[in-house]
Protein chains: 2
Amino acid sequence: MDDNRLLAPRTAGLQVSALREILKVANRPGMISLAGGIPAPESFPLPIMAELTRSVLSRYGAAALQYDATEGFGPLREALTGYLAAKGISAATDEILITSGSQGVLDAIGKILIGRGDEVAIEAPTYLGALQAFNPYGPRYVCLEADDQGVLPDSLERVLAAGRIKFIYLVPTFQNPTGRTIDLARRVRIAETLQRHDALLVEDDPYSELRYMGSDLPSIKSLAPDHVVYVGTFSKILAPGLRVGYCVAPEAIRRWLIISKQGVDLHTSTLGQALAGEYLSGGHLERQLPLIRDLYRPKLKAILSALARYLPGGFTWSKPEGGMFVWVEGIRGLDTSAFYRAAIERNAAFVPGKYFYPGPNQGLETMRLNFTMATEENIDRAVKRIAESAQDFHQVDLRALR
Amino acid sequence: MDDNRLLAPRTAGLQVSALREILKVANRPGMISLAGGIPAPESFPLPIMAELTRSVLSRYGAAALQYDATEGFGPLREALTGYLAAKGISAATDEILITSGSQGVLDAIGKILIGRGDEVAIEAPTYLGALQAFNPYGPRYVCLEADDQGVLPDSLERVLAAGRIKFIYLVPTFQNPTGRTIDLARRVRIAETLQRHDALLVEDDPYSELRYMGSDLPSIKSLAPDHVVYVGTFSKILAPGLRVGYCVAPEAIRRWLIISKQGVDLHTSTLGQALAGEYLSGGHLERQLPLIRDLYRPKLKAILSALARYLPGGFTWSKPEGGMFVWVEGIRGLDTSAFYRAAIERNAAFVPGKYFYPGPNQGLETMRLNFTMATEENIDRAVKRIAESAQDFHQVDLRALR
């Protein structure tokens with residue numbers, strides 16, 4: 001069949017992610033991969049999952065296997081109200097919509113809000129999955145300026161003043177890919193700016209529970225509740241394979257998200273939702289979270305100390321207090337893709353940072369390093385090999401910088 | 001916030017389904033509902049689910065909880081190749097894409113194929129979930145003519161000859177809502193017509209395993225493999241709450257379905273997929289299917305005999321050999337919505353058939369009756385009450401017909 005005749009115009013805009021190819025290479029045997037973006041399997045509460053399932057099946061019986069409301073499984077939504085209240089987010093059961101991972105929220109947001117050519121304000125670099133969710137609907141991205149403390153509120157102010165932005169998409173805490181966190185003063189200013197311009201923020205928050213040091217910061221949702229779609233997930237605090245996420249959205253948005261979701265997947269797995277609900281209400285999360293943080297804290301320390309030890313001059317990197325990623329920037333003119341292959345040959349993988357930008361030729365000098373999958377020893381080895389690859393490739397340039 | 005300013009143009013086309021309200025009323029305590037479209041909870045293999053989960057967790061460990069490939073969980077795709085081969089569908093592991101319910105295929109099909117104003121050929125009435133999946137992308141529906149043996153091949157021929165159809169959507173076996181099945185001779189002609197016009201059929205097949213009498217028919221996919229996206233689901237043979245479906249699509253379509261799915265939900269629940277795979281490969285489906293058929297067969301007999309006993313003259317109905325629905329048609333000019341309220345007051349619920357048509361004022365004289373949820377005794381009672389409501393409301397008209 002002639003697929004070019006069949007495909008909708010929007011389909012040409014769906015690009016095969018080159019990142020997928022990189023991640024395939026990164027999974028080759030013998031490779032130490034800092035390329036992925038997935039939680040360590042040891043972070044899952046595997047030992048209790050069979051018991052959790054038995055408990056859910058005995059509590060809900062066939063209802064755990066039956067069709068359910070598009071909005072979500074009642075007991076999970078109820079458990080989330082308490083969980084969110086403890087995070088400063090006030091949401092009644094009815095205000096919480098369960099989705100198939102946080103990706104499910106992003107797709108629905110794109111579908112109901114983005115008309116072709118509409119402007120969406122983002123950080124650059126940003127979470128690639130959000131771009132993949134939005135792209136089919138044909139947005140035009142407006143990039144907000146940012147530094148190590150995250151988005152500059154003045155930049156948001158300028159962009160909103162132009163009056164054409166449909167919504168803003170941010171990952172304020174331990175961002176993917178940079179690991180950066182927007183500080184408290186900026187959160188307050190961003191919340192105030194959203195309210196003054198009556199603008200909508202999609203606040204994607206998969207990582208805030210993964211804080212290994214420092215103090216929690218309030219979500220922007222808690223500061224401007226009527227102007228934020230808050231997006232959460234169980235992927236990093238329970239298990240990503242269950243594909244259970246959720247959002248708390250202003251009513252006017254939420255009703256359309258539900259209608260959209262009904263056409264996309266009817267509802268999220270009832271069994272997965274019931275397991276997530278039991279995990280919350282049975283006190284399992286409270287017991288598991290300290291274990292997850294204890295697992296990742298030394299890995300974060302290991303990568304930061306390896307970067308300081310091995311990276312040649314001219315490189316800087318983020319110093320996150322949590323999350324899964326560290327962001328490395330080389331001098332202008334450097335192209336990390338150029339020594340990516342050399343690192344692979346040394347059996348160490350990373351992701352060149354350019355893949356996290358919406359446009360071409362952006363962030364060529366950057367790279368994303370994940371620290372949740374490898375052991376501390378392997379993190380040290382991998383950073384050393386990446387540093388050697390960078391140094392070999394740019395030997396003359398980098399020496400000149402010293 | 002002003003949501004009208006925020007919403008994309010396509011969003012206005014997403015209609016709140018009035019059917020949802022009907023189904024809410026149908027779930028009131030004391031109601032005997034023939035309105036739903038869901039399998040009986042007794043059809044689920046509830047007793048083995050805890051053991052199945054234990055077995056999956058011990059076989060795959062943390063991999064059953066981890067992120068997985070968008071295409072689907074390997075062991076499930078492998079198990080499906082054998083299952084499909086037994087149904088006459090030849091598909092390699094790589095040709096099978098796992099989705100979040102069959103709804104996930106329909107959404108992806110709409111997204112990659114339908115441009116605004118593109119023509120999609122459908123049966124009318126048809127599965128409402130398909131229309132909900134396609135509508136956001138702005139199709140124009142072209143209705144194929146049909147009779148009790150399903151779509152008329154001549155009608156398909158005429159519609160394809162015009163050369164503007166993007167794809168055809170059919171539920172050839174025990175259709176929702178009519179219960180009708182396209183007979184063998186027509187399947188052969190439809191397959192031949194698809195091939196001659198190089199046209200694409202989306203064959204949605206959730207019910208063919210639910211055959212209580214008569215002989216299996218070949219899928220259209222098995223007759224024209226290069227021109228059909230075959231859509232299957234575990235919702236009726238395992239449990240709908242797991243949200244595991246799949247499709248076998250020509251390569252040119254499949255690669256775009258995968259890219260689309262990546263933006264929508266990354267992948268379907270790994271645990272749900274692992275359970276479905278184990279259910280197939282462990283021989284559990286083989287044991288469960290006869291139980292499911294034995295559960296539903298007497299219910300089908302009960303509804304057909306109650307319809308013959310109670311319905312006043314002027315009504316005709318489909319006589320399916322399987323599935324979940326019987327379709328009732330009154331005389332032209334009748335409006336089943338008119339006595340719907342009276343039936344509800346008698347504690348018997350059905351769905352007026354007009355909700356299953358793409359346009360207004362179609363199928364006013366029809367209704368859909370589900371027979372999988374109620375007991376045989378309750379099916380008899382509900383049909384009696386619906387018949388009484390119809391008779392009371394149209395007393396004069398119906399007497400005049402006798």
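Here, residues in each chain are numbered from 1, in the same order as that chain's written sequence. Labels are handed out in written order, letters beginning with A for the chains and numbers beginning with 1 for the ligands. Residue-level local features of this predicted model are given only where pLDDT is at least 70; pairs of side-chain atoms are given and counted only at 80 or more, and the full residue set underlies all totals for whole chains, interfaces and linings. Only heavy atoms go into the side-chain values, all of them from the structure, while hydrogens and water stay out.

### Some thoughts on the overall build of chain A
A helix here means a DSSP run of H or I that spans at least four residues, while a strand means a run of E at least two residues long, and both kinds are numbered starting from the N terminus. The helix and strand tally for chain A stands at 15 helices and 15 strands. Radius of gyration means the value over C-alpha atoms here, while the globule rule gives 2.2 Å times the residue count to the 0.38 power. Computed over its C-alpha atoms, the radius of gyration of chain A comes to 21 Å, within 12% of the 21 Å expected for a compact globule of 402 residues. Partly exposed residues are those whose accessible area sits between 20% and 50% of the maximum for their type, while under 20% is buried and over 50% is exposed, using a 1.4 Å probe and protein chains only. Looking at chain A as a whole, 63% of its 402 residues qualify as buried. For the area figures, the Shrake-Rupley method with a 1.4 Å probe applies, and any residue is considered shielded solely by the protein chains shown. As presented, chain A carries roughly 14,300 Å² of accessible surface, and 50% of it is formed by carbon and sulfur atoms.

### Let's talk about the relation of the copies chain B and chain A
Here the copies are matched by least squares. The fit uses the C-alpha atoms of residues with pLDDT of at least 70 in both. Once chain B has been moved 0.0 Å along the axis and rotated by 180°, it coincides with chain A to within an RMSD of 0.0 Å. Expressed as a symmetry operation, the mapping of one chain copy onto the other fits a two-fold axis. Residue by residue, 100% of the interface of chain B is reproduced at the interface of chain A, so both copies engage with the same surface. Residue contacts follow a heavy-atom distance rule, with two residues in contact if any of their heavy atoms lie within 4.5 Å.

### Topic: the pairing of strand S2 (residues 96-99) of chain A
Residue and element names in this part refer to chain A. What you see with S2 is no split at all: Ile96 and Ile98 on one side and Leu97 and Thr99 on the other are buried throughout. Across 4 bridges, the pairing between S2 and strand S10 (residues 245-248) is antiparallel. In the sheet register, Thr99 faces S10, and the bridge partner there is Gly245. Strands are treated as partners if at least two bridges between them are detected by DSSP.

### Some thoughts on the nonpolar core
Side-chain atoms within 4.5 Å are what join buried Ala, Val, Leu, Ile, Met, Phe, Trp, Tyr and Cys residues into a set we call a nonpolar core. With 174 residues, the main nonpolar core has Ile303(A) and Ile303(B) as its most contacted residues. If you tally residues by element for this core, the top one is helix H12 (residues 284-310) of chain A, at 9 residues. In this view, Ile303(A) contacts Leu34(A), Val326(A), Leu369(A), Asn370(A), Phe371(A), Ile379(A) and Val383(A); residues no more than four positions away in its chain are not counted.

### Description of the packing of helix H4 (residues 74-86) of chain B against helix H11 (residues 270-281) of chain B
Residues and elements named next belong to chain B. To get an axis, fit a line to the C-alpha atoms, keeping to the stretch in contact for a helix; angles then go from 0 to 180 degrees between the N-to-C directions. Orientation of H4 relative to H11, taken along the N-to-C sense of each, is 35°, at an axis distance of 8 Å. The crossing of H4 and H11 is left-handed. In this structure, H4 contributes Leu76, Ala79, Leu80 and Tyr83 to the contact, and H11 contributes Gln273, Ala276, Gly277, Leu280 and Ser281. For this classification, the nonpolar set comprises Ala, Val, Leu, Ile, Met, Phe, Trp, Tyr, Cys and Pro, the charged set comprises Asp, Glu, Lys and Arg, and every other residue, Gly included, is treated as polar. Partitioned by chemical class, the residues of the contact of H4 with H11 number 6 nonpolar, 3 polar and no charged. Working rule for handedness: look at the near helix, and if it is turned counterclockwise from the far one by less than a right angle, call the crossing left-handed; if clockwise, right-handed.

### Here's the deal with the packing of aromatic side chains
Residues and elements named next belong to chain A. Here a pair means two rings of Phe, Tyr or Trp (six-membered ring of Trp) with centres within 6.5 Å. Their orientation is stacked below 30 degrees between planes, edge-to-face above 60, and tilted elsewhere. This structure, assessed with the given rule, holds 22 aromatic pairs over all chains. On the numbers, 5.3 Å between centres and 80° between planes, the contact of Phe134 with Phe167 is edge-to-face. Residue Phe134 is located in helix H6 (residues 128-134), and its partner Phe167 is located in strand S7 (residues 165-170); the two are separated by 33 residues in the primary sequence. Residue Phe134 shares its accessibility class with Phe167, and that shared class is buried. By the criterion adopted, a ring carries a charge over it if an Arg CZ or a Lys NZ lies within 6 Å of its centre and within 35 degrees of its normal. Here the basic side chain of Lys319 rests over the ring of Trp317, its NZ or CZ set 4.9 Å away from the ring centre.

### A few points about the side chain of Thr99(B)
Residues and elements named next belong to chain B. As for its placement among the helices and strands, Thr99 is situated in strand S2 (residues 96-99). Classification of Thr99 as buried rests on a relative accessible area of 3%. A distance of 2.9 Å separates the side chain of Thr99 from the backbone oxygen of Gly101, its partner in a polar contact. Throughout this description, a polar contact denotes any pair of N or O atoms lying within 3.5 Å of each other; where both atoms belong to protein, one of them has to be capable of donating a hydrogen while the other can accept it, and for residues adjacent in sequence the pair is counted only when both atoms sit in side chains. At 3.4 Å, the side chain of Thr99 forms a polar contact with the backbone nitrogen of Tyr246. Not counting residues within four places of it along the chain, the set of residues in contact with Thr99 comprises Gly104, Val105, Arg243, Val244, Gly245, Tyr246, Lys261 and Thr268.

### Some words on the side chain of Glu71(B)
Counting through the fold element by element, Glu71(B) comes out in the loop between helix H3 (46-60) and H4. We classify Glu71(B) as buried; its relative accessible area is 19%. Setting aside its immediate chain neighbours within four residues, Glu71(B) contacts Arg20(A), Arg77(B), Ile96(B), Leu97(B), Ile98(B) and Ile258(B).

### A closer look at the interface of chain B and chain A
Taken residue by residue, the interface counts 79 residues in chain B and 79 residues in chain A. Here chain B meets chain A over a buried area of about 6,600 Å², counting both sides, of which 63% is carbon and sulfur. Summed over both partners, the accessible surface that disappears when two parts come together, traced with a 1.4 Å probe, is what is meant by buried area. Interface area lost by chain B to chain A is led by Met1(B), Leu65(B) and Tyr67(B), which between them contribute 11%. We count a salt bridge whenever a side-chain nitrogen from Lys or Arg sits within 4 Å of a carboxyl oxygen from Asp or Glu. Our count for the contact surface shared by chain B and chain A stands at 2 salt bridges. Between Asp107(B) and Lys111(A) there is a salt bridge, with the nearest N and O atoms lying 2.8 Å from each other. At the boundary of chain B and chain A, one finds 34 residue pairs in polar contact (both at pLDDT 80 or more). Of all elements in the fold, only helix H1 (3-6), H3, helix H5 (101-113), helix H6 (128-134), helix H10 (251-265) and H11 of chain B reach the threshold of two or more residues within the side of chain B that touches chain A. Looking at the side of chain B that touches chain A element by element, the count peaks at 11 residues for H10(B). For the side of chain B that touches chain A, a count of residues per class yields 40 nonpolar, 23 polar and 16 charged.

### Overview of the environment of Ala130(A)
Residues and elements named next belong to chain A. Within the secondary structure, Ala130 is located in helix H6. For Ala130, a relative accessible area of 0% gives the class buried. As a C-alpha pair, Ala130 and Leu6 span 124 residues in sequence and 26 Å in three-dimensional space. Residues in contact with Ala130, not counting those within four places in the same chain, are Leu106 and Tyr169.

### A closer look at the sheet that holds strand S14 (residues 351-352) of chain B
Residues and elements named next belong to chain B. As summarised here, the arrangement of the 4 strands in space is S11-S12-S15-S14, forming an open sheet in which the pairing is antiparallel. In this open sheet, the two edge strands, each paired with only one partner strand, are strand S11 (316-317) and S14. In this sheet, strand S15 (residues 366-370) lies alongside strand S12 (residues 325-329) in antiparallel orientation, the contact comprising 5 bridges. Counted as the bridge partner of Trp327 is Arg368 from S15. Against the sheet, helix H12 (residues 284-310) contacts S11, S12 and S15, and its axis sits at roughly 15° relative to S12.

### Observations regarding the sheet that holds strand S9 (residues 228-233) of chain B
Residue and element names in this part refer to chain B. In space, the 7 strands of this open sheet follow the order S2-S10-S9-S8-S7-S3-S4, with mixed pairing throughout. Here the strands that pair on one side only, and so sit at the sheet edges, are S2 and strand S4 (140-144). Going from strand to strand, the sheet's axes swing by 25° on average, the running direction of each strand aside. Where strand S3 (residues 119-123) lies against strand S7 (residues 165-170), 4 bridges are found, and the strand directions are parallel. Residue pairing in the sheet places Val120 in a bridge with Phe167 of S7. Each of S2, S9 and strand S10 (245-248) is contacted by H10, which is oriented at about 25° to S2, the strand it contacts most.

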